[in-house]
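# Per-entry structural report
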Amino acid sequence: MFRHYRRTFGKTSRMMKAKRASTASCPLRSLTAAVMDTETTSLDVKKARILEIGVVPMIDGVMDSRNAFSTHVNPREKIPDESRAIHGITDADVRDAPRWDELFDQLHQVLKDRRILVYNVTFDRQMVSQSCQRYALPEAEADWECAMKRYAGFAGNWDPRKRWFSFVKLEHAVRAFNGQPGGHRAAADAIACRAVVLG
């Protein structure tokens, strides 16, 4: 992962180098995986509901377009103006969209037996978990991987307050590999995340 992108950083402690090496050691490009992204009604995970989900499966790093999955999701509540300003999804866009319980079976088949890669796994995994709990559905039994955390270790900008590397927004990370930002739409952001994962 990230093997083709080289930068020169300042002095790095032995501890930082060890952390960076361990973070980037797993060859994700060889995995059967699914890259996921969601758009939501809020950035507050306790209040948010999923409005859109995009999943890009890949086999040995190659996109499995036949099984790609993307849909709006009816959140069954109004979309706040501040959220609509980020992703551009309107109440009209989701009015006739399936509810989470109505799309779950199809989504489950796409994710089945795949590692799930997300750019900010803490947020998206919680959103999926909450959605499943809301409809008493089983959560995905899968290994979840955070591409944002991996890229932070690769970029190597150490934050002594957090005792970890500084996180980088997806739109900036993907440009490091000459990729296109997804513009806060789920499928496009999943493709951007895949570009970061493959380097």
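Shown above is the structure to which this text applies.
Residues numbered from 1 in each chain as written. Predicted model: local features only at pLDDT ≥ 70, side-chain atom pairs only at ≥ 80, totals over all residues. Heavy atoms only, no water.

## Examining the packing of aromatic side chains
Inspection of the entire model under this criterion finds 5 aromatic pairs. Each ring, one from Tyr151 and one from Phe177, has its centre 6.1 Å from the other, and the planes form 75 degrees; the classification is edge-to-face. In this pair, Tyr151 is assigned in helix H6 (residues 147-155) and Phe177 in the loop between helix H7 (170-175) and helix H8 (186-198), connecting sequence segments 26 residues apart. Each member of the pair, Tyr151 as well as Phe177, carries the same accessibility label: buried. Judged by centre distance (6.2 Å) and plane angle (35 degrees), the rings of Phe154 and Phe177 are tilted. Here Phe154, found in helix H6, pairs with Phe177, found in the loop between H7 and H8; they are 23 residues apart in sequence, far enough to count as distant. With relative accessibility at 8%, the residue Phe154 sits in the buried group. Aromatic rings pair up to connect Tyr151, Phe154 and Phe177 into one cluster. In this structure, Lys149 packs its charged tip against the face of Trp164, placed 5.2 Å from the ring centre. (Phe/Tyr/Trp six-rings, centres within 6.5 Å; stacked < 30°, edge-to-face > 60°. Helix = DSSP H or I, 4+ residues; strand = E, 2+ residues; numbered from the N terminus. Buried < 20%, exposed > 50% of the residue type's maximum accessible area, 1.4 Å probe, protein only. Lys NZ or Arg CZ within 6 Å of the ring centre and 35° of its normal.)

## Some words on empty space enclosed by the protein
What the rule picks out here adds up to 2 cavities of 30 Å³ or more. The volume enclosed by the largest cavity comes to roughly 70 Å³. Around the largest cavity, the lining residues are Arg49, Ile50, Val73, Asn74, Pro75, Trp100, Ser131, Arg134 and Tyr135. Residue composition of the lining of the largest cavity, grouped by class: 5 nonpolar, 2 polar and 2 charged. Roughly 60 Å³ of internal volume is contained in the second largest cavity. If you trace the second largest cavity, you find it lined by Trp100, Phe104, Leu107, His108, Leu111, Val128, Cys132 and Ala140. Those elements that provide at least two residues to the lining of the second largest cavity are helix H4 (100-111) and helix H5 (121-134). Of the residues forming the lining of the second largest cavity, the biggest block, 5 residues, is contributed by H4. Considering only residue class, the lining of the second largest cavity consists of 7 nonpolar, 1 polar and no charged. (1 Å grid on protein atoms, 1.4 Å probe; cavity = no way out; pocket = protein on both sides within 12 Å on 5 of 7 lines; lining within 4 Å. Points joined across faces, edges and corners; volume = space filled by probe spheres on them. Nonpolar A, V, L, I, M, F, W, Y, C, P; charged D, E, K, R; others polar.)

## As for the side chain of Gln130
The residue Gln130 is located in helix H5 in this model. Gln130 has contacts with Val45, Lys46 and Ala48, leaving out every residue within four places of it along the chain. (Contact = heavy atoms within 4.5 Å.)

## Let's talk about unusual backbone geometry
Of note, Asn120 is a non-glycine position whose phi angle comes to about 100 degrees, a positive value. Mapped onto the fold, Asn120 is located in the loop between strand E5 (115-118) and H5.

## A look at the pattern of salt bridges
Between side chains of opposite charge, a pair can form as their charged atoms come close. Summed over all chains, the structure comprises 10 salt bridges. Between Asp159 and Arg161 there is a salt bridge; the shortest N-O distance is 3.6 Å. Here the residues in one salt-bridge network are Arg99, Asp101 and Glu102, joined through shared partners. (Salt bridge = Lys/Arg side-chain N within 4 Å of Asp/Glu carboxyl O.)

## As for the state of the cysteines
Counted under the stated rule, the structure contains 0 disulfides. Of all cysteine sulfurs, the one in Cys146 lies closest to Cys193, which takes part in no disulfide; the gap is 8.4 Å. Here Cys193 falls in the buried class, since its relative accessible area comes to 1%. (Disulfide = S-S within 2.5 Å.)

## What about H4?
Of the residues making up H4, those classed as buried are Trp100, Leu103, Phe104, Leu107, Val110 and Leu111. Projected down its long axis, H4 carries its buried residues within an arc of 135 degrees, all on one side. Exposed side chains of H4 directed beyond 90 degrees from the buried face belong to Asp105, Gln106 and Gln109. Buried residues in H4 make contact with strand E1 (32-40), strand E2 (50-59), strand E4 (69-72), E5 and H5. Positive phi appears at Asp113, one or two residues downstream of H4, with a value of about 65 degrees. (Arc of directions from axis to C-beta.)

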